[in-house]
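Overview (structure and organization)
Given next are the chains, with one letter for each unit.
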Amino acid sequence: MTTTSNSAATWRKSILLAGAASAVLAAAPQAMAQDGIGLEEIFITAQRRSESLQDTPLAVSAFGVNDLEVRNIDSALDLIDYIPNLFGGNNTGLGSANAYYLRGLGNTESIATFDPPVGTYIDDIYISRQNANNFSFFDLDRIEVLRGPQGTLFGRNTTGGAINVLLREPDEEFGGFAEVSYGRFERITARASVDIPINEQLSTKVSGYFIDDAGYAYNFELDERVNDERSYGLRGAVKWTPNEYLNWNVSATYVNSDVANLANSPIDGDNVEPSARNANTVARFNASGATTGLNRIAGGFLSMNGDVGNSLGELLAGQGGGNVVKNLLLASNLEVSFDKVNVEIITGWVDLDQDFVLNFLDGDLYTVPIFNGVTPAQVFGNPGPSSFSIANDSTHKQFSQEIKATGDLFDGFIDYVAGVYFLDERNTTGIAQFFLGTSYDRVLGNDTTAGAGYVQLDWNLTEKLTFTTGIRYTDETKTLSIEDLGTGPSNCSTVIPGQFDMDEEGAFILDDNGMMIPSTVSRLCSTNDITAAGIPTKLNTSILTPRFAVQYEVNDDVLLFASATRGFKSGAWNARDAQPQNLVNIDPEVVWSYEIGAKTQFFDDRLRLNVTGFYSDVSDLQTPSAFTNAAGETVFITGNFADLRVMGIEAEATAVVNEYITTFLTIGFQDSDYRNLDSTLVAQQAQCRANLQDQGVDQLFDSSTGCQQAIIGPDGEVAEPVRAPRVTMSLGANGNYPISDNLQITASAFGIYTSSYQTATNGELPGAQDGFWRFNGNVGVEHVDGDYGLYLECQNCFGENYIISALVATQYYNPPGSWTLRARYRF
C-alpha cells in the first residue's frame, strides 16, 4: 500500500476526469430542444432565513426528500459520498458517532472536553456532542451542508462547516408514509410517519423508525457476530397557527441506538480462522478474545483492589458487545410575524446518555509483544483484553435559547438577520481506560456556558450589487473537574505492568523482602491535582467572528460572489490522558476563509452549475494524535501543534437531459499542509532526525526518539494532514420511464471517487489509503405519482474496503457493502 500518489499526476488526472464529466453534463441539455423541462427551485435557510439556493452567496449543498431517495441516503454517514471535500466515518469504536472532516478540518475525539469543528444542527438547534450524530433519517424535510466557517450566523465550533438538518413540520392534511426493508446481514428497517390535523389551526405528526441486524463481523474467539445494530426512534410534533402572525412548532424526538464499531478486518483468502471463512453471512472478522459489556461494579466503574487493569479484564471476559446511546431532543420554535420583521424564539433541550465498554485493538495484536517482549496474552491469559480498552458512562445535558429577527430597513435598502444566543451544557463522564500501562478510573466533569450576539446586514447598493457585513461576539466559559474512583496508592501513582525501578547502574532495586519494585507514573486524580500541576480548570474565550461578502447578479441565471469569513473552535483539555505532562489545556482554533464563487443556471434552468474556490488559513489547529511510547503505553496527545493552510475548488452540477433522465456531478479539489510548527514540535523533529542519523530506523517506536509522534512522521518529516484527500468526486444519473399508465421504472447509479489520504496523524504506514472508487445504485418499480413502490438498492455495491482511521497501527475500515429490498407506501 502506498501512502500517496504523485501530487502533480493526481491533480492532472483529476482535472481531466472533472473536465470530461462536466462536458457530458453541459452537452446534453444543449443538444436537446427547449421543451420547458427544468430543475426545481431549491429554498434553503443557510443564512438563517428562507431564500433560493441560487441567490445565496455561500458554498452550500442541499438535499430534499427526493434527492435523498435517489442517492440512497438513509443516515448521516451516507451524506459523505455526495459533498465535495467532505470526508468522514464512524468514530473509532463508536458506531453511533461520526467524525466529519470538511475542507481538512475535523475531530476524531468524542470525549466531552473536545468540540467538533463541523457543527450539527437539527431544526436550528446546535447539537454539541458528536457521540450520537450518526442518526438515521426518518422524518426529513431537507439537509443543508454549509462548507467553510459559519462563525457569524451559526457561531462557535463551525470552523469546517455545518450540517443543518431540517425535519418536517406537521401538515394541514391527513397523510403520511410507511416503508419496510430487508437487506444484507439480516438487516430489517421500518419507517413511518403520519400527519394528523386537529383543526384548521392545530396539526400534529407522529414518526418513528426501527433497525435491527445480525452484525457484519464475526468473532472466531467467541463464536459470535459483532458490530450488529438495534436502534429505534420516535418523534412527535405539533404545529399551532392561530392566525397569520403566529406560528408555533414544538417537537420531541427520542432515539435509542445500540451499535458499536469494533476493529475488524476484511475476509480475504486464508487470513482468518476456518470458522470465519465459512460464515458467508458476514463480511469482516474480529479476532479479539475480549469483547464488551455495559456492566458496572460496586464503588465505581472498574476499580477492584486498586487495580483498574485486572478489573477491566474480569469485566470484559466472555461478555457481549455494545455501545448504547439514548438521546432526547425537545425543540420549540415560536415565530411571530410583524409588518417588517419576523421574530423566532428557538428553544432546545438535549439529554444524552452513553454507555460503552470497548476493546479498541483487535485480537490479531493480542500476541504481539507490546513492551520488553511481553504480550497481552502473557499478562492476562487467553482470551483477555487488548492493550487498549475503555469503559464509559456519560450524561450530557444541553439547554439553548436563541431569539432571531429577520427583516428589511429603508424600503429594502438593507436586509438583516440579528439575534442573541445562550447555551448551557453540563457533561459528566465516568471513564476508565486501560493501556497495558497508565490506567485510571475517574469521573470528568466539564461544563460550558456561552453567550453571543450577532447581526448581518445586506446592503443592496443597486438591483444587482449587494455588499454584506456581519459580526458575532461570543463569550464562553468552560470548566473542568476530576474525581478519582480508584482505590489504589494514595499518592495517585499507577503501576506500569512489566516495568521495574532500576538504579543508575541499571540494576533492579529490591524492597525489604528482596522483591523488585514496580515502576509507577503519577496521574492527576483530583481537581486540586490539576491546579497544582499548573493546568487551568477554567477556560474563557471572548472573540469576534466577522463576515464580509459582495455579490453581483449578472442576470437572472448568474450570481457571482466573494467573501471573507472568520470562525473559531473552542479551547479544550486533553483529558483522554491522566499524566500531568499530557492533561493540558489547548488553545481555541481560529480560521479565516476566503471564497470566490458563481451560482449559475443555463438552458432554461436545465443545467445548474455552482463553483466555489476557497483559501483557509487556520491558526492553532487542534490535532488529536495517539502513539505507543517506550513503556508500551498508548498515549493520547491533542495539541496546537501547528497552523494549517487549505485551498481548493468545489463544483456541483445537475443537468436535466430529457423528461426521463437527470445527471449529477460533484467534485472537490483541495491541497493542505501544516505551517508554523510549535517550538516543541520543531525540537521534536530535530531530535527525531538526529536519532535517525545515529541509530537508524529500528528504534522508531521508542518515544525518546521523537519520531512518529504528534505530526512528526517516522522519517522525521512533517506528516501530511489527515483525512484531506486531494480529490473527492461523485458522478451519476437517475431516470424514470413509464411502463403503463400508472407505473414507471426508476433507477439511479453513482460512482464515487476518493484519492489517496492518510488517517494517522503521525504518518505511520498503517494509516495510509490509496485512491479508490465505489458505487451506489438502485432500481425499482413505482406508481407514477410516487404513491407506492418496490426498490432494490445497494450501497458500496462491489464491496470496496478502505481505511477510515488507524489507532496505533490498528486499521478501522468503512462499513462493508450492502443491499436492501425496500417497499414504500405514501398516503
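1. Points about the state of the cysteines
Counting across every chain of the model gives two disulfides. The disulfide partner of Cys688 is Cys707, and the gap between their sulfur atoms is 2.0 Å. Taking the sign of the S-S torsion, 100° for the link of Cys688 and Cys707, the bridge is right-handed. Pair noted here: Cys688 is in helix α7 (residues 679-695) and Cys707 is in the loop between α7 and β37 (727-738), with a separation of 19 residues, a long-range link. For the pair Cys688 and Cys707, a shared accessibility class is recorded, and that class is buried. With its sulfur 1.8 Å from that of its partner, Cys794 forms a disulfide with Cys797. In this structure, the disulfide formed by Cys794 and Cys797 twists by about 70° around the S-S bond and is classed as right-handed.

2. Comments concerning empty space enclosed by the protein
Counted by the stated rule, this structure contains 15 cavities of 30 Å³ or more. By volume, the second largest cavity amounts to about 500 Å³. Listed by contribution, the elements that provide at least two residues to the lining of the second largest cavity are β5 (93-102), β21 (341-359), β22 (389-409), β23 (414-434), β34 (607-628), β35 (634-656) and β43 (803-807). Counting residues per element, the lining of the second largest cavity draws most heavily on β22, at four residues.

3. Comments concerning the sheet that holds strand β18 (residues 265-266)
Read from one edge of the open sheet, four strands run β15-β14-β19-β18, paired in mixed fashion. At either margin of the open sheet sits one strand with a lone partner, and together these are β15 (224-226) and β18. Across three bridges, strand β14 (residues 217-219) lies against strand β19 (residues 284-286) in parallel orientation. Residue pairing for β19: Ala217 is matched across the bridge by Arg284.

4. Regarding the side chain of Gln670
Mapped onto the secondary structure, Gln670 falls in strand β36 (residues 661-675). At 3.1 Å, the side chain of Gln670 and the backbone oxygen of Pro725 are in polar contact.

5. Looking at the pattern of salt bridges
A full pass over the atoms with the stated rule returns 42 salt bridges. Here Glu652 makes a salt bridge to Arg147, at a shortest N to O gap of 3.4 Å. Remark: Arg147 occurs in strand β9 (residues 140-147) and Glu652 occurs in strand β35; sequence separation between them is 505 residues. The pair formed by Glu652 and Arg147 is uniform in burial state, with each residue classed as buried. Residues joined in a network through salt bridges with shared partners are Glu69, Asp74, Glu179, Arg191, Glu793, Arg822, Arg824 and Arg826.

6. Re the side chain of Arg71
With respect to the helices and strands, the residue Arg71 is situated in the loop between α2 (65-70) and β4 (86-91). The residues touching Arg71, leaving out its near neighbours within four places in the chain, are Phe63, Tyr82, Phe664, Phe750 and Gln795.

7. Things to note about the pairing of strand β10 (residues 161-167)
The buried count for β10 comes to seven of seven residues, which makes it a mostly enclosed element. By the alternation rule, side chains of β10 split into Gly161, Ile163, Val165 and Leu167 and Ala162, Asn164 and Leu166, which are all buried. Bridging between strand β7 (residues 118-122) and β10 involves five bridges; their strand directions are parallel. Residue pairing for β10: Tyr121 is matched across the bridge by Asn164. Two elements, β9 and β10, share seven bridges in a ladder whose sense is antiparallel. The partner of Leu146 across the bridge, within β10, is Ala162.

8. A word on a negative patch on the surface
Together, Asp171, Glu172, Glu173 and Glu200 line one region of the surface with negative charge. Relative to the helices and strands, Glu173 is located in the loop between β10 and β11 (175-183). For Glu173, a relative accessible area of 59% puts it in the exposed group.

9. Description of the sheet that holds β10
An order of β3-β9-β10-β7-β8 is seen for the five strands of this open sheet, with the pairing classed as mixed. Of all strands in the sheet, those bounded by a partner on one side alone are β3 (60-64) and β8 (125-127). Neighbouring strand axes in the sheet, compared pairwise and without regard to direction, differ in orientation by 20° on average. Two elements, β3 and β9, share five bridges in a ladder whose sense is antiparallel. By the bridge assignment for β9, Val60 is matched with Leu146.

10. A short note on the confidence of the model for the protein chain
Mean pLDDT over the protein chain: 84, with 79% of residues reaching 70 or higher. Note that pLDDT drops below 50 for residues 1-8; the model gives that stretch 19 contacts with residues more than four away or on any other chain. The low-confidence segment residues 290-320, where pLDDT is below 50, has 83 contacts with residues more than four positions distant or belonging to other chains.

11. Overview of the environment of Ile711
Position of Ile711 among the secondary structure elements: in the loop between α7 and β37. Once residues lying within four places of it in the same chain are set aside, the contact partners of Ile711 are Thr623, Phe641, Ala642, Tyr674, Leu681, Glu717, Val718, Ala719 and Thr761.

12. A look at unusual backbone geometry
At Arg103, a position not held by glycine, the phi torsion is positive, near 55°. Structurally, Arg103 can be placed in the loop between β5 and β6 (105-106). Of note in this structure, Asp123 is not a glycine but carries a positive phi near 50°.

Scoring rules and cut-offs
Residues numbered from 1 in each chain as written. Predicted model: local features only at pLDDT ≥ 70, side-chain atom pairs only at ≥ 80, totals over all residues. Heavy atoms only, no water. Disulfide = S-S within 2.5 Å. Helix = DSSP H or I, 4+ residues; strand = E, 2+ residues; numbered from the N terminus. Buried < 20%, exposed > 50% of the residue type's maximum accessible area, 1.4 Å probe, protein only. 1 Å grid on protein atoms, 1.4 Å probe; cavity = no way out; pocket = protein on both sides within 12 Å on 5 of 7 lines; lining within 4 Å. Points joined across faces, edges and corners; volume = space filled by probe spheres on them. Pairing = 2+ DSSP bridges. Polar contact = N/O pair within 3.5 Å; in protein donor to acceptor, adjacent residues only side chain to side chain. Salt bridge = Lys/Arg side-chain N within 4 Å of Asp/Glu carboxyl O. Contact = heavy atoms within 4.5 Å. Patch = residues over 30% accessible without salt bridge, like charges linked within 9 Å, V, L, I, M, F, W, Y side chains within 5 Å. Areas by Shrake-Rupley, 256 points an atom, 1.4 Å probe, with all protein chains shown as cover. Lys, Arg positive; Asp, Glu negative; His and termini not counted. Charge placed at Lys NZ, Arg CZ, Asp CG, Glu CD. Axes fitted to C-alpha atoms, helices over the stretch in contact; angles between N-to-C directions. pLDDT = per-residue confidence, 0-100.

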